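# Remarks on the overall topology
Listed here are the chains, written in short residue letters.
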Amino acid sequence: MALLARLASLVVLLVLWQAVSVYADVRTLPAPSAVLAFVIREAEKGDLFSNVGITLLRVAISFVIAMSLGGLLGIVLGRSKWADQILDTPLLVILNTPALVITVLAYVWLGLTETAAIVAVALNKLPNVAVIMREGARGLDPGLEEMAASYRFDRRTWIGNVLVPQLQPFVIAAARSGISLAWKIVLVVELIGRPNGVGFAINYYFQLFDVTAVIGYSLVFMTVMLALDTLILQPIDAHVRRWR
């Protein structure tokens, strides 16, 4: 039923798009068929797969870095009041700094390099992960903590049987919010300072005022990211929360 509802809403959206495009200037709002034709042409040339693949690689690398470092930082902040008091303000500063500012500074400090692009995306995502994981670490069940102390769990046993199971929902929440944030920031990073990727392609076609290409690349990449969330992250989330 949920799938049918989504498909129905998609059909309605396409119909409205087609109807509006009939009366709009084709240069500013091309019809769905024109966008689809562009996507097919770009795929046949190989440019579409190349740019999407490069962007996905950047998203994956920066996502793993942000999840790893942000997750560890969040656990430390949630378990240590001393660390939380010291690092809370710097964390909030980075969290509230615009992604564009962090991206520009990364390029200024590290040059127009791939490393700067990855660092910019990871830094934009890391505070979000840390905040979510901090809340999870703060909310650990005290009863389970007492049980672990009574049975004298060593550190490895405590992590595997007390900490990780309770943090799993927060990890998935951070991952789902992070993947949607990361790919948007990657596009900005590519638009400003990379010679390839979806962001670069959108910027290139924007300069040519090719709205069909801009919409085509945007829709393709949004579809890919939605598919990742629907086919991978949502099932994992449901599995983690199955006990509820």
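Rules and cut-offs
Here, residues in each chain are numbered from 1, in the same order as that chain's written sequence. Only residues with pLDDT of at least 70 are given local features in this predicted model, and only at 80 or more are side-chain atom pairs given and counted; all residues enter the totals for whole chains, interfaces and linings. Side-chain metrics rest on all non-hydrogen atoms present in the structure, leaving aside hydrogens and water. UniProt positions are given in the numbering used here, feature names are shortened, and annotations may be inferred rather than shown by experiment. For patch building, the residue pool is restricted to those with more than 30% relative accessible area and no salt bridge; the joining distance is 9 Å between like charges and 5 Å between nonpolar side chains (Val, Leu, Ile, Met, Phe, Trp, Tyr). Here, Shrake-Rupley sampling with a 1.4 Å probe gives the accessible areas, and only protein chains in the shown set may cover a residue. Salt bridges are defined by distance alone: a side-chain nitrogen of Lys or Arg within 4 Å of a carboxyl oxygen of Asp or Glu. Starting at the N terminus, helices and strands are each numbered in turn, a helix being any DSSP run of H or I of at least four residues and a strand any DSSP run of E of at least two. Here's how the labels work: a residue is buried when its accessible area is under 20% of the maximum for its type, exposed when over 50%, partly exposed in between, all with a 1.4 Å probe on protein chains only. Convention adopted: a line fitted to C-alpha atoms gives each axis, helices being fitted over their contacting stretch, and angles between N-to-C directions are expressed from 0 to 180 degrees. Each angle gets one of four labels, with under 35 degrees taken as roughly parallel, over 145 as roughly antiparallel, 65 to 115 as roughly perpendicular, and the rest as oblique. Helix crossings get a hand from a simple test, with the near helix turned counterclockwise from the far one by less than a right angle marking a left-handed crossing and a clockwise turn marking a right-handed one. When checking whether two residues touch, look at their non-hydrogen atoms; a contact exists if any pair is within 4.5 Å. Each residue gets one of three labels, nonpolar for Ala, Val, Leu, Ile, Met, Phe, Trp, Tyr, Cys and Pro, charged for Asp, Glu, Lys and Arg, and polar for the others, Gly among them.

The protein appears in an unreviewed UniProt entry as ABC transporter permease from Methylobacterium brachythecii. Recorded in UniProt for the protein, the comment headed Sequence similarities (unreviewed entry) runs: "Belongs to the binding-protein-dependent transport system permease family." The heading Subcellular location (unreviewed entry) in the UniProt record of the protein holds the text "Cell membrane".

## Here we look at a nonpolar patch on the surface
Nonpolar side chains collect at one region of the surface, where Leu-100, Val-101, Val-104, Leu-105, Val-108, Trp-109, Leu-110, Val-119, Leu-123, Val-188, Leu-191 and Ile-192 lie side by side and expose about 1000 Å² of accessible area between them. Listing elements by their share of the nonpolar patch, those giving two or more residues are helix 5 (99-110), helix 6 (114-138) and helix 8 (155-193). For the nonpolar patch, the element with the highest residue contribution is helix 5, accounting for seven residues. Mapped onto the elements of the fold, Trp-109 is located in helix 5. A relative accessible area of 66% places Trp-109 in the exposed class.

## Regarding the packing of helix 8 against helix 9 (residues 198-207)
At a minimum axis distance of 7 Å, the contact between helix 8 and helix 9 shows a crossing angle of 55 degrees. Comparing the axis directions of helix 8 and helix 9 gives the class oblique. As for the relative orientation of helix 8 and helix 9, their crossing is right-handed in sense. Here helix 8 contributes Leu-187, Glu-190 and Leu-191 to the contact with helix 9, which in turn contributes Val-198, Gly-199, Phe-200 and Asn-203. Looking at the contact of helix 8 with helix 9, its residues break down into four nonpolar, two polar and one charged.

## Let's talk about the UniProt feature "transmembrane region" (unreviewed entry) in the protein
Under the present numbering, the feature "transmembrane region" (unreviewed entry) in UniProt falls on residues 48-77, 89-110 and 204-228. Across residues 89-110, helical content stands at 86% and strand content at 0%; the span's end C-alpha atoms are separated by 25 Å. Strand forms 0% of residues 204-228 and helix 88%; the C-alpha atoms that close the span are 26 Å apart.

## Considerations on helix 9
Every α-helix carries 3.6 residues per turn, so stepping three or four residues along brings you back to the same face. What helix 9 keeps buried is the set Val-198, Gly-199, Ala-201, Ile-202, Asn-203 and Tyr-205. Phi turns positive, to about 55 degrees, at Phe-209, one or two residues after helix 9.

## Overview of the pattern of salt bridges
This structure, assessed with the given rule, holds 11 salt bridges. Where Asp-47 meets Lys-45, a salt bridge forms, and the shortest distance between an N and an O atom there is 3.8 Å. The exposure class of Asp-47 is partly exposed, given its relative accessible area of 33%. Of the residues examined, Lys-45 reaches a relative accessible area of 55% and is grouped as exposed. Of the charged contacts, one joins Asp-229 and Arg-176 as a salt bridge, the two residues approaching to 3.1 Å between their closest N and O atoms. Here Arg-176 lies in helix 8 and Asp-229 lies in helix 10 (residues 211-240), a separation of 53 residues in the sequence. Classification of Asp-229 by relative accessible area gives buried; the value is 13%.

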